[in-house]
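# Fold and geometry: a report
What follows is the residue order along each chain.
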Amino acid sequence: MAVERTLSIIKPDATRRNLTGKINAVIEDAGLRIVAQKRVALTRAQAEGFYAVHKERSFFGELVDFMISGPVVVQALEGENAVATYREVMGATNPANADEGTIRKQFAESIEANSVHGSDSLENAAIEISYFFAQTEIVG
Ligand code: ADP
Ligand code: MG
């Protein structure tokens, strides 16, 4: 295994319910280090660009509306096997299918309002981290 970085986003359903600290505790308890973090209000253009891979999906418009409905917390996470580790910690996209103890099982409201984003590959992690952070903002 190698030390990797992955992008996490704490989504508007979670910031609205004041869950940033509880989610960060799950992340840190899993052995991942939060090496960059900022709370931002995404613009529509930023949200559309971030989810461009999903633009043909039926839920794209609603997903963008949701992601700009309140603040998000964008984070770079670092640790052994960080991309896959964080996907495990997050749980399945649909919280109804998420394992016990995962963030989505504990906190998600629905398949859309599912509390967190995590990169799905090391390649996408690098692209997504650079979408939100300058190298100088990441302190390992
Ligand atoms: P994940 O976030 O688990 O990688 P996807 O990349 O497939 O999942 O989808 C991106 C996001 O789009 C999901 O996290 C969720 O917020 C939303 N989404 C996915 N599938 C649906 C759906 N069927 N209906 C509404 N929103 C969805
Ligand atoms: Mg995804």
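Quantities reported herein were computed from a predicted structural model and do not represent experimental measurements. (Residues numbered from 1 in each chain as written. Chains lettered and ligands numbered in written order. Predicted model: local features only at pLDDT ≥ 70, side-chain atom pairs only at ≥ 80, totals over all residues. Heavy atoms only, no water.)

Here we take up the overall build of the protein chain. When you go through the protein chain residue by residue, the secondary structure sums to seven helices and four strands. Listing each helix as α and each strand as β along the protein chain from the N terminus yields β-α-α-β-α-α-β-α-α-β-α. Its C-alpha radius of gyration of 14 Å places the protein chain within 12% of the 14 Å reference for a compact globule of 140 residues. With respect to the three principal axes, the spread of C-alpha positions in the protein chain is 35 × 35 × 25 Å. Put simply, the protein chain has 140 residues, and 46% of those count as buried. Sequence-distant contacts, at least 24 apart, represent 78% of the contacts inside the protein chain between residues at least 6 apart. (Helix = DSSP H or I, 4+ residues; strand = E, 2+ residues; numbered from the N terminus. Rg over C-alpha atoms; globule rule 2.2 N^0.38 Å. Buried < 20%, exposed > 50% of the residue type's maximum accessible area, 1.4 Å probe, protein only. Contact = heavy atoms within 4.5 Å.)

On to the site of ligand 1, then. Taken together, the neighbourhood of ligand 1 is formed by K11, Y51, H54, F59, L63, R87, T93, R104, I111, E112 and N114. Within the side chain of H54, an N or O atom sits 3.0 Å from an oxygen atom of ligand 1. Taken by itself ligand 1 offers 530 Å² of open surface, and the protein chains cover 80% of this. Of the residues belonging to the shell around ligand 1, the class tally is four nonpolar, three polar and four charged. (Near = heavy atom within 4 Å. Polar contact = N/O pair within 3.5 Å; in protein donor to acceptor, adjacent residues only side chain to side chain. Areas by Shrake-Rupley, 256 points an atom, 1.4 Å probe, with all protein chains shown as cover. Nonpolar A, V, L, I, M, F, W, Y, C, P; charged D, E, K, R; others polar.)

What describes a pair of aromatic rings is the distance from one ring centre to the other and the angle between the planes of the rings. Applying the stated rule across the entire model yields four aromatic pairs. On the numbers, 5.0 Å between centres and 80° between planes, the contact of F50 with Y51 is edge-to-face. Per residue, the accessibility class of F50 equals that of Y51, and both read buried. Judged by centre distance (5.1 Å) and plane angle (80°), the ring pair of Y131 and F132 falls under edge-to-face. Relative accessible area serves as the criterion here: at 8%, F132 is assigned to the buried category. An aromatic cluster is defined as three or more aromatic residues linked by ring pairs; in this entry it consists of F50, Y51, Y131 and F132. (Phe/Tyr/Trp six-rings, centres within 6.5 Å; stacked < 30°, edge-to-face > 60°.)

The four strands lie next to each other as β2-β3-β1-β4, forming an open sheet whose pairing is antiparallel. Across the chains shown, the open sheet's two edge strands, defined by having one partner strand only, are β2 (33–40) and β4 (116–118). Going across the sheet, the axis of each strand differs from the next one's by a mean of 20°, ignoring polarity. Judged from the seven bridges that link them, β2 and strand β3 (residues 72–80) form a sheet pairing that is antiparallel. Bridge pairing in β3 places A36 opposite A76. (Pairing = 2+ DSSP bridges. Axes fitted to C-alpha atoms, helices over the stretch in contact; angles between N-to-C directions.)

To continue, consider the UniProt feature "domain: Nucleoside diphosphate kinase-like" (unreviewed entry) in the protein chain. Summarizing the sequence annotation, UniProt attributes the feature "domain: Nucleoside diphosphate kinase-like" (unreviewed entry) to residues 3–140 in the numbering used throughout. Secondary structure within residues 3–140 divides into 40% helix and 20% strand; the distance between the first and last C-alpha atoms comes to 11 Å. (UniProt positions renumbered as here; feature names shortened; annotations may be inferred.)

Look at the UniProt record and you will see "binding site: ATP" (unreviewed entry) annotated at K11, F59, R87, T93, R104 and N114. In this structure, T93 sits in the loop between α5 (82–90) and α6 (103–107). Beyond its immediate chain neighbours, meaning those up to four positions away, T93 contacts R104, I111 and N114. As for its placement among the helices and strands, N114 is situated in the loop between α6 and β4. Residue class for N114 comes out buried when judged on its relative accessible area of 2%. Apart from residues no more than four positions distant in its own chain, N114 is found in contact with K11, D13, T93, R104 and A108. A polar contact is formed between the side chain of N114 and the side chain of K11, at a distance of 2.8 Å.

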